[in-house]
Every structure is written in structure tokens, then in C-alpha cells.
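# Structural overview
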Amino acid sequence: LSPTDHTDIGEEQLILSAQIDPARFEPLYQKYFRRTYSFVLHRVGDKETAADVTSKVFLQALINLKKFKFQGLPLSSWLFRIAINECNGYFRKRKAQRHVILDDHTLSSLFEVFEEHDTELEKKLRDCIQKLDREDVELLQLRFFESYRFKEIAEILDITENNAKVKIYRLIDKLRKLMQS
Amino acid sequence: MKYKYIISNQRPVVSDEMGSEFMDFASVYTRYKTSPAGILHSVKNMISRWLSPSIAIATLGTSLYFLIQKETEVPHGDKPLAKTVHSAESDDQISSDKIEPITDDRNEDNDQTNQPEQPYQMELPGVWRQDVSSAEKIAKTEKLPEKKKEGSPDMMVEESGYFSPTPKDGFPLLYKYYAENMKYPESAVEDSISGKVVVMFMVSKTGKISNITIRQSLGNEFDAEALRLVHGMPPWNPAIMNGTPVDKYVALPITFEFHPSPFTEEE
């Protein structure tokens, strides 16, 4: 489940042929299903719901495949962009609560940024996250939990790489201030 | 306190089995097929595979049908009203100045009066040919209305089913023929004469050209060149009156233009 996978040379060919005949999307579906499923599951928190949302993600992917332009990044970034939209749709419709995972890996990468580590801080962090809005939590998840590169985050959120960097530095600043208060 | 987010400290593990348990491309594909986008895609596919060739064949067939029909209709002469009115008007115009018989004597009178009107400053032999396309353009705009002129007074254009004589290959090709075959008389290069020679000739029932006369002269050499052009021009369709071909006079202006070349103009 490495997000920094290199794109296969054959992937472009697969995408191009699937753009002509969507039935040929199957190998891509098999390649990316688990990754997309996990991506959704981390956000909705329920296996059945995740499966449902994931199938919607692939349906949207098939519908919009013609618009996809291969730019060297793996198809996953594009699929995750759809996944974020589908998750947002799900949360809006069901008024469901978002899941944020703050496991050891996330915590350690966050503490690396804040250059301190204690249990007090972890507690504080949990409270602070509750005060963040949806976009910030999304960024937090992508950067510190899923450890995506800025380039991929930019692709997933459909913003420029610089904008992604700026947003993440502002988010860290915001968190730091929240934690100090 | 109501929490906005459910924060869990455990990453859900997605096992291989779980991944394959929910993996079902067939159902996603079926849903796609029944979605508007999927339907659109298959319709487009169908069009590109079957419909477009059949449409092409149908279009070809219809156009061929109409083409054949049009060809068979022409001799019967169901001609549009607007055309009669137009040719009637032009005939009135001409009948007044057309009563006198045209003879070659007139040309000689004109020879002197129609000498160079607008001499150009630059004189280079042979440069006029570069302006063949513009000459052609001018010829088209100037000649078209005059084309309709008819010489013989016994022609009653008010009657239905009249068609003026036309070059077999159409006027554009006739003008092209002129532009390509016209030789600007060498001796006139020095005087850089530009002007128009109006040639009149009869298109007989059989489409033969005869009785070629100069109606407006521009000097002997130009007249000779105009006559040469008219003698050698492509065949004509005879005029048709109520379905039967008739003799008809046609007055055709031939424009000789002398232009200095753009190269010399710059200097």
C-alpha cells in the first residue's frame, strides 16, 4: 500500500484502451480496488459503507474516464479525488460523522513537525482536530496519516503543488496556535 | 459535547480477502452501462460502427437520385420565375442598341478612340501575366450581368422555359481559360494599355460558335487576340426555348489589364 508507487509504463496504454472501450477498465479496477477501498474505509469507518462508496467511485471513474488526461501520475490520485468527492457526498446525505485516524504513525509524523512528544500533547491534539474544518482534516489525513507527497496531494485536491504546500504549512501553524491556547 | 469527527487510534486493516470480497467489476460495469453516460457511449459506438456508413450510403444515394432527376428535368424547362424577369430586363436594355447590324467597319472607327486610357508608369514586358488572377476576378464581376445579353430581336424571353446559352464547363472555367490563354500583345506593353474588348458571337442550335464580331474594340492587336481566344474557347450549350435549342447571340467582354509588377512598385 505504498502511495509513492511509480506508474507503470503500461498504465497509460490501459487507460487509453479503457477510454475507447470501458469494458477494458477491469485490469485497472483490479489494480486499484484495494487501495481505493482502504482510502474510503479510513474516512467512512464502516466496511459495508466503504464497499458501497468504492463502487460509486469506480462508476464515476468509468463515466468520467474520457476526461482523464495522463500526466505521469498514477491513476490512483485521480481515483482518490473522486473518492473524496464521493465520501463528501455520503457524509452530506447521511449526515454521518467523519472518521479521522490518529494512530501511532500519524502521531509520530505530527510530533516530528511539532518537535515534541508527550501524552498531554496527544490529548490536546485530539481536541484541536475537532475544531478544524473539513478541508483541514482532509489535508491532515492526506499528509500525516497517508503520507502523500505534495505533488500527489495537489493532484488529489486538484490544486497546484505550491498551493498544497502553503495550505499544509498554514494548517500546521493553525494547529500549533490551537494547541498553545 | 458533540464531536465533529470520530477519532480512532487504529488503522483498519484491509486484508486481501476483504479486498476481493467486495471487488465486483461486473456490477460496476453493468451500472455504468445503464447510466446515461454508458448508454451514450454505446450509442456513439453503434453510430460509428453501423450508422455512419449507412448514413453515408443513404446520402450518396439520395444525392445521386436528385442529380439524375435534375438532369432529366432541365430540357423540359420548368425554369424559375426570377430568371425570366432578369433576362427580360436585360433584353430590353440591349434591344435598343442592338438594332443596327454589327459590322467589322465599326471596329476600325473604335481603334483610334479606344487607345490607352490609363497608362501605368512602370513598363516591363511580361509582368501583366502576374495579375491574371485579379484580371479573372474583375472579369467575373464585370461580365456576369452582361452575359445575359441576347442579340437577336426575334427572341421572346417573356415566354416560359428560356435558358441563355452557357459554356459547357460553366463560366468559371471559361474565365480560367481566358486567363490562362490570353496573350497580352507585345507591342502594347510599352503603352501599357488596359481595357475591354467586347466580342459578340452566335451560339447556334447545335452549340456551334459563328458570326464572331467585335462590338467594342481596343485596337487591332487586342481585337485579334480576343478573336483568337473566342475561336479557341471551350464548347457552349445552346440557348433553350421551351425545351428546344435555338440560335442566340452572346456578347462577351474580354478584359485586358496591364499592371506593373508589385516588385517595381516598391522601388
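Please refer to the structure placed before this passage.
What counts and what doesn't
Residues numbered from 1 in each chain as written. Chains lettered and ligands numbered in written order. Predicted model: local features only at pLDDT ≥ 70, side-chain atom pairs only at ≥ 80, totals over all residues. Heavy atoms only, no water. Core = buried A, V, L, I, M, F, W, Y, C linked by side-chain atoms within 4.5 Å. Buried < 20%, exposed > 50% of the residue type's maximum accessible area, 1.4 Å probe, protein only. Helix = DSSP H or I, 4+ residues; strand = E, 2+ residues; numbered from the N terminus. Contact = heavy atoms within 4.5 Å. Buried area = accessible area lost by both parts, 1.4 Å probe. Polar contact = N/O pair within 3.5 Å; in protein donor to acceptor, adjacent residues only side chain to side chain. Pairing = 2+ DSSP bridges. Axes fitted to C-alpha atoms, helices over the stretch in contact; angles between N-to-C directions. Salt bridge = Lys/Arg side-chain N within 4 Å of Asp/Glu carboxyl O. 1 Å grid on protein atoms, 1.4 Å probe; cavity = no way out; pocket = protein on both sides within 12 Å on 5 of 7 lines; lining within 4 Å. Points joined across faces, edges and corners; volume = space filled by probe spheres on them. Nonpolar A, V, L, I, M, F, W, Y, C, P; charged D, E, K, R; others polar. Parallel < 35°, antiparallel > 145°, perpendicular 65-115°, else oblique. Left-handed = near helix turned anticlockwise from the far one by under 90°.

Ranked by size, the top nonpolar core spans 67 residues in total, and within it A:Phe25, A:Leu75, A:Leu125 and A:Ile129 carry the most contacts. Sorting elements by how many residues they give to this core places helix α4 (residues 75-94) of chain A first, with ten residues. Excluding anything up to four places from it in sequence, A:Ile129 contacts A:Val100, A:Leu102, A:Val137, A:Leu140, B:Tyr5 and B:Ile7. Formed by 28 residues, the second largest nonpolar core is a distinct cluster that contains B:Tyr175, B:Val197, B:Val230 and B:Met233.

Let us now look at the interface of chain B and chain A. Taken together, the 27 residues of chain B in the interface contact 41 residues of chain A. Between chain B and chain A lies a buried interface of about 3,400 Å² when both sides are counted; carbon and sulfur atoms form 63% of it. Seen at the junction of chain B and chain A, the total is twelve residue pairs in polar contact (both at pLDDT 80 or more). Of all the secondary-structure elements, those providing two or more residues to the side of chain B that touches chain A are β1 (5-8), α1 (16-22), α2 (25-34) and α3 (36-73) of chain B. No other element matches α2(B), which puts five residues into the side of chain B that touches chain A. One ladder, built from four bridges, connects strand β1 (residues 98-101) of chain A with β1(B); its direction is parallel.

Below, the discussion takes up the sheet that holds strand β9 (residues 248-256) of chain B. Residue and element names in this part refer to chain B. Taken in spatial order, the three strands of this open sheet run β5-β4-β9, and their pairing is antiparallel. In this open sheet, the two edge strands, each paired with only one partner strand, are β5 (209-216) and β9. Adjacent strand axes in the sheet meet at a mean angle of 25° when their direction is disregarded. Where strand β4 (residues 195-203) lies against β5, five bridges are found, and the strand directions are antiparallel. Its bridge partner being in β5, Val-198 is matched across the sheet by Gln-216.

Looking now at the pattern of salt bridges. Any two side chains of opposite charge can pair, on the condition that their charged atoms come close. With the rule as written, the count across this model stands at 13 salt bridges over all chains. The salt bridge involving A:Glu138 is made with A:Arg134; its shortest N-O contact spans 3.4 Å. You can see A:Glu138 and its partner A:Arg134 sitting in helix α7 (residues 134-145), four residues apart, about one turn around the helix. In this structure, the salt-bridge partner of B:Glu225 is B:Arg228, at a minimum N-O distance of 3.0 Å. In this pair, B:Glu225 and B:Arg228 both sit in helix α9 (residues 220-232), three residues apart, roughly one turn of the helix. When its relative accessible area of 37% is taken as the criterion, B:Arg228 is described as partly exposed.

Below, the discussion takes up empty space enclosed by the protein. All names here are of chain A. Throughout the structure, instances matching the rule amount to four cavities of 30 Å³ or more. One number sums up the size of the second largest cavity: a volume of about 70 Å³. Lining the second largest cavity are Arg-43, Phe-91, Arg-98, His-99, Val-100, Arg-134, Val-137, Glu-138 and Gln-141. Elements with a minimum of two residues in the lining of the second largest cavity: β1 and α7. Element by element, the count of residues in the lining of the second largest cavity is highest for α7, at four residues. Among the residues making up the lining of the second largest cavity, the classes are represented as three nonpolar, two polar and four charged.

With that out of the way, let us pick up the layout of surface pockets. All names here are of chain A. Estimates place the volume of the second largest pocket at around 230 Å³. Lining of the second largest pocket is provided by 14 residues; of these, Ile-84, Arg-134, Glu-135, Glu-138 and Leu-157 occupy positions nearest its centre. Of all the secondary structure elements, the ones that give two or more residues to the lining of the second largest pocket are α4, α7 and α8 (150-157). The element contributing the most residues to the lining of the second largest pocket is α7, with five residues. Per-class residue counts for the lining of the second largest pocket are five nonpolar, two polar and seven charged.

Residues and elements named next belong to chain A. Following both chains from N to C, one finds helix α2 (residues 26-44) and helix α3 (residues 47-64) inclined at 130°, their axes separated by 8 Å at the closest point. As judged from the angle between their axes, α2 and α3 are oblique. The two elements α2 and α3 meet at a crossing, and its hand is right-handed. Within the contact between the two elements, α2 uses Tyr-29, Tyr-32, Phe-33, Thr-36, Tyr-37, Val-40, Leu-41 and Val-44 and α3 uses Lys-47, Thr-49, Ala-50, Ala-51, Val-53, Thr-54, Val-57 and Phe-58. Residue classes in the contact of α2 with α3 are distributed as twelve nonpolar, three polar and one charged.

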